[in-house]
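Topology and contacts: notes
Spelled out from the first residue to the last, the chains are:
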Amino acid sequence: MQQYDYIFCGTGASASLLLLQLHQNNLLQDLNILLIDPDKKGKKDKTFCFWADVEEPISLDLNPLISHRWDKVVLSGDKTQSILPLQYNHVSSIDLYNQIHQLTLHYNWQKIISYVDEVKADKEGPFIILNGSVLRAKYIFDSRPPVYKTAQVRETHIFQSFVGWMIETENEIKDSNAFRFMDFHIEQQDSTQFVYVLPFSTKTALVEVTRFGAEKMSLTDAEELLDHYVKNNFGKYSIQDIEIGCIPMSNTGINNTQLPGIVTMGARNYQIKPSTGYAFKNMYYQARLIVEAIKQNQPIEVFNKSKSKAHKGRFSFYDGLLLDILKDKPKEGKPIFEALLKNVEVKKILNFLDEKTDVATDLSIFYQLPWKVFVSTLFERSFSFTWFRPLILTFITIFFLILSNHSALQNYLAYGLIMIGLVTVGIPHGAVDHLLETGKWNMKVAPLFIAKYLFLASFMGLLWYILPFLALVIFLAYSSWHFGQADGKKWLLSKWSSTFWGASVLFYILGTHLSETNKILAVMGNLTLPIACPAWLLLPWLVVAIFHKNASFALTVFWLFLSAYLPLLISFGLYFIGQHSLTGWQDVRNHLKLSNSRMWIHSLPFHATAWIFLLCFLVFWSSAYPFEETKRWAVFFIFIACISFPHVISINVVYRSKE
Ligand SMILES: Cc1cc2nc3c(=O)[nH]c(=O)nc-3n(C[C@H](O)[C@H](O)[C@H](O)COP(=O)(O)OP(=O)(O)OC[C@H]3O[C@@H](n4cnc5c(N)ncnc54)[C@H](O)[C@@H]3O)c2cc1C
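Only a predicted model underlies this, so the values are computations on that prediction, with no experimental measurement involved. (Residues numbered from 1 in each chain as written. Predicted model: local features only at pLDDT ≥ 70, side-chain atom pairs only at ≥ 80, totals over all residues. Heavy atoms only, no water.)

With that out of the way, let us pick up the overall build of the chain. Summing up its helical and strand segments, the chain has 24 helices and 17 strands in all. When the backbone C-alpha atoms are referred to their principal axes, the chain occupies close to 95 × 65 × 55 Å. In the chain, which comprises 659 residues, the proportion classed as buried is 51%. At a minimum sequence separation of 6, the contacts of the chain that also span at least 24 residues come to 74%. (Helix = DSSP H or I, 4+ residues; strand = E, 2+ residues; numbered from the N terminus. Buried < 20%, exposed > 50% of the residue type's maximum accessible area, 1.4 Å probe, protein only. Contact = heavy atoms within 4.5 Å.)

So, in structure tokens, the structure goes:
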């Protein structure tokens, strides 16, 4: 049985904006309403600012609540500009809450100061659990603070942390009819941080220091920055009031109950724009939509957003890109915003932030920004799409196939690329094995680790010297397992399927280039691969990939198939660098939680040692054979066999932890 028409879980900004509009539209008469919030909402806790056209409904409707308006702006400390017909509006949270207190008295609503435990629905309709009791209503408006899910691939969760001082100055504030928007003339402290100034009179202003970033700004840092900024800009001052806050800037999912009769609102309904933290205007317009639907007796849960609904379209893509930059390259924030504010007309910027611009305008804005950081971030992002790398490898394979009639150019470019790959990820992905167990260099265990590593590598070297056939069999066996392990984990194959895949790839690459393979094997120890591999051998794997609906897997099978028509070493090099080493690199980097550059630096000691060992190998073996290209490669593969033996064992830690 319904006890209430509406229950409001949370009576903050979004709930207040909705109640106000329901009242203005005369939709609250004779309704039994329950308001629940742990906070009495008896004091100012937030300053809500938003820009809007003077004639826009939000400006007209909220007119009595707007305590100050600015139609001029100073951008990043430069000259004053008009933003008319837009205005920047200020609403104090307490004025909004007071309106709701008056409505509560007027309609005689029930109000409970408490936390709602749960919001649910069953066949009788929506209900809440409050202090162990079940309370039912026709509609439950849920604006409790959102609980964000852990960020997944291509999702970013950072913070907009800020501290604001309401100050009174001794001297008059210059340009007190203009607000300052994102003034970057403060120390950046390796972050993206800036100041807003909202002058309320010639001697009072709200000065707010804000940081966009993964780390929240500490109160001490904020106070130091504010003191410095205020003294420099306004001289002597006294603090009247303090506002401290933090807004999530996030494109991750929110844990929500999407059930009939439950209407999610505010931050919980993805109303905060990820790249700016502004939400007030969005919440106002969501409230308008709800009111219109109620007037027309239409369902209102349709305005509930899911993550995919909230974060789609090109503006979400721009937001995501900026969040990535702010999180991973925080020092780039200042040059980006300064270029934006300096080169782009302010009204255009505000329309862009309101997501009202067309693609051509967006492009004209991006043209004014430092493009390198966006391109590099876009590139990094693209790599997080699992199909992106195999697609690039497909293009590279086709490119080298086109060059087949120009073998000198083909070799020059392909070996150049493989060499770059070996130096950047090929050897380094195995040169951080010493960090895999403990995550850092440990002087106590290091000597034993190095001794074991050298022993296993020397054992393989010795085996090649005295029993090359056995060495080859062992090398092929652990390489199949190792290649399959990295790919199989990514594509969710079983252990046996993974090893079978690894063996298929090896046999395919070697067996489709039988004469080249056998030339090298002959030098490696009078060995031969007895049977050629037909090109169709990979086709069953294409069926498996399609069955798993795995585009990355299917594309990999496709380009590997094409690579049979390239020389052996190019085909193997593309797989070893482009597929195996890059996958291994990503897995190890995630395991160690290091950035690319830090991991490469960590790999340097063993990486450099590996090249020295390779040189020694080449010198040692060259005395045994007259040296020419095939023999160089034979020596190279023996070297790879030696150093990969201990690596294959060490890297198990990474894949065991993924199980
Ligand atoms: C300090 C600050 C300043 C901001 N300034 C701006 C701005 O200038 N412009 C702008 O566009 N956006 C601004 N925002 C962002 C956004 O507009 C606000 O966060 C806004 O308050 C979000 O509204 P809401 O209704 O989702 O949440 P809130 O207003 O936070 O309301 C949620 C309510 O739920 C209550 N609650 C918590 N737990 C429970 C529970 N278990 N059961 C019942 N109730 C519960 C809380 O007490 C709170 O009253 C600001 C945010 C902050 C934090």
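The next subject is the domain arrangement of the chain. Along its sequence, the chain is carved into domain 1 (4–65 + 91–148 + 252–310), domain 2 (157–250), domain 3 (314–374) and domain 4 (388–658). Distance from the C-alpha centre of domain 2 to the C-alpha centre of domain 3: 22 Å. Between domain 2 and domain 3, the residue contacts involve 13 residues of the former and 10 residues of the latter. Here domain 2 meets domain 3 over a buried area of about 1100 Å², counting both sides, of which 77% is carbon and sulfur. Across the pair Asp190 and Lys331 runs a salt bridge, and its minimum N-O distance is 3.8 Å. Between domain 2 and domain 3 we count 1 residue pair in polar contact (both at pLDDT 80 or more) in total. Looking at the side of domain 2 that touches domain 3, the elements that each hand over two or more residues are strand 13 (178–183), strand 15 (204–213) and strand 16 (237–250). Of the residues belonging to the side of domain 2 that touches domain 3, the class tally is 7 nonpolar, 5 polar and 1 charged. (Domains from an automatic or database assignment. Buried area = accessible area lost by both parts, 1.4 Å probe. Salt bridge = Lys/Arg side-chain N within 4 Å of Asp/Glu carboxyl O. Polar contact = N/O pair within 3.5 Å; in protein donor to acceptor, adjacent residues only side chain to side chain. Nonpolar A, V, L, I, M, F, W, Y, C, P; charged D, E, K, R; others polar.)

In spatial order, the strands read 3-7-4; together these 3 strands make up an open sheet with antiparallel pairing. Taken across any chain shown, the strands that pair with only one partner, and hence form the sheet edges, are strand 3 (47–53) and strand 4 (66–70). Going from strand to strand, the sheet's axes swing by 25° on average, the running direction of each strand aside. Where strand 3 lies against strand 7 (residues 86–92), 7 bridges are found, and the strand directions are antiparallel. From the neighbouring strand, Phe48 faces strand 7, where its bridge partner is Val91. (Pairing = 2+ DSSP bridges. Axes fitted to C-alpha atoms, helices over the stretch in contact; angles between N-to-C directions.)

As a further point, take the environment of Leu35. Mapped onto the fold, Leu35 is located in strand 2 (residues 33–36). With 26 residues separating them along the chain, Leu35 and Cys9 place their C-alpha atoms 6.6 Å apart. Ignoring any residue separated from it by four or fewer positions in sequence, one finds Leu35 in contact with Phe8, Thr11, Leu19, Ile100, Thr104, Trp109, Gln110, Lys111 and Ile112.

Okay, helix 23 (residues 629–650) next. Relative to the 32 Å expected for 22 residues at 1.5 Å per residue, helix 23 spans 32 Å between its end C-alpha atoms, a close match to the ideal helical length. At Ser644, helix 23 is bent by approximately 35°, the largest bend along its length, and proline Pro646 sits one to four residues beyond. Across the 22 residues of helix 23, 17 count as buried, placing the element largely inside the fold. (Expected span 1.5 Å × (residues − 1). Bend = angle between axes of the 7 residues up to and from the residue.)

This next bit is on the site of the ligand. Around the ligand, the structure places 30 residues, and the nearest of them are Ser14, Asp37, Lys41, Cys49 and Ala279. At a separation of 2.6 Å, an oxygen atom of the ligand approaches a polar side-chain atom of Asp37. In this structure, an oxygen atom belonging to the ligand sits 2.7 Å away from a side-chain N or O atom of Lys41. In the complex, the protein chains occlude 88% of the 970 Å² of accessible area that the ligand would expose alone. Broken down by element, the shell around the ligand gets its largest block of residues, 4 residues, from strand 16. Looking at side-chain class alone, the shell around the ligand contains 16 nonpolar, 8 polar and 6 charged residues. Of the residues that make up the shell around the ligand, three or more belong to each of domain 1 (4–65 + 91–148 + 252–310) and domain 2 (157–250). (Near = heavy atom within 4 Å. Areas by Shrake-Rupley, 256 points an atom, 1.4 Å probe, with all protein chains shown as cover.)

Attention now goes to the state of the cysteines. A full pass over the atoms with the stated rule returns 0 disulfides. Between Cys616, a cysteine without a disulfide, and Cys642, which holds the nearest cysteine sulfur, the sulfur-to-sulfur distance is 13 Å. (Disulfide = S-S within 2.5 Å.)

A few words now on the packing of helix 7 (residues 314–328) against helix 11 (residues 371–383). Axis separation between helix 7 and helix 11 bottoms out at 10 Å; the angle between their running directions is 100°. As summarised for this structure, helix 7 and helix 11 are arranged roughly perpendicular, according to the angle between their axes. Contact residues: Phe317, Gly320, Leu321, Asp324 and Ile325 in helix 7; Val373, Phe374, Thr377, Leu378 and Arg381 in helix 11. Residues of the contact of helix 7 with helix 11, tallied by class, amount to 6 nonpolar, 2 polar and 2 charged. (Parallel < 35°, antiparallel > 145°, perpendicular 65-115°, else oblique.)

Two pairing modes exist for strands in a sheet, parallel and antiparallel, and in both the strands are linked by backbone hydrogen bonds. Taken in spatial order, the 7 strands of this open sheet run 6-5-13-14-15-12-16, and their pairing is mixed. Pairing within the sheet leaves two strands with one partner each, and these edge strands are strand 6 (80–82) and strand 16. On average, adjacent strands in this sheet sit at an angle of 20° to one another, irrespective of strand direction. Here strand 13 pairs with strand 14 (residues 192–199) via 2 bridges, running antiparallel.

Moving on to a nonpolar patch on the surface. A cluster of nonpolar side chains, contributed by Leu462, Tyr465, Ile466, Leu467, Leu470 and Phe620, occupies part of the molecular surface with about 640 Å² of accessible area. Among the elements that line the nonpolar patch, the one with the most residues is helix 15 (residues 446–466), at 3 residues. Residue position: Leu462 is located in helix 15. The class for Leu462 is exposed, based on a relative accessible area of 52%. (Patch = residues over 30% accessible without salt bridge, like charges linked within 9 Å, V, L, I, M, F, W, Y side chains within 5 Å.)

Attention now moves to the environment of Asn442. Following the sequence through the fold, Asn442 ends up in the loop between helix 14 (433–436) and helix 15. As a C-alpha pair, Asn442 and Gln24 span 418 residues in sequence and 68 Å in three-dimensional space.

On to the nonpolar core, then. Of all hydrophobic cores here, the largest spans 77 residues; its most connected members are Met460, Trp464 and Trp501. Core analysis: the second largest hydrophobic core is formed by 43 residues, Trp70, Phe184, Leu206 and Ile349 among them. (Core = buried A, V, L, I, M, F, W, Y, C linked by side-chain atoms within 4.5 Å.)

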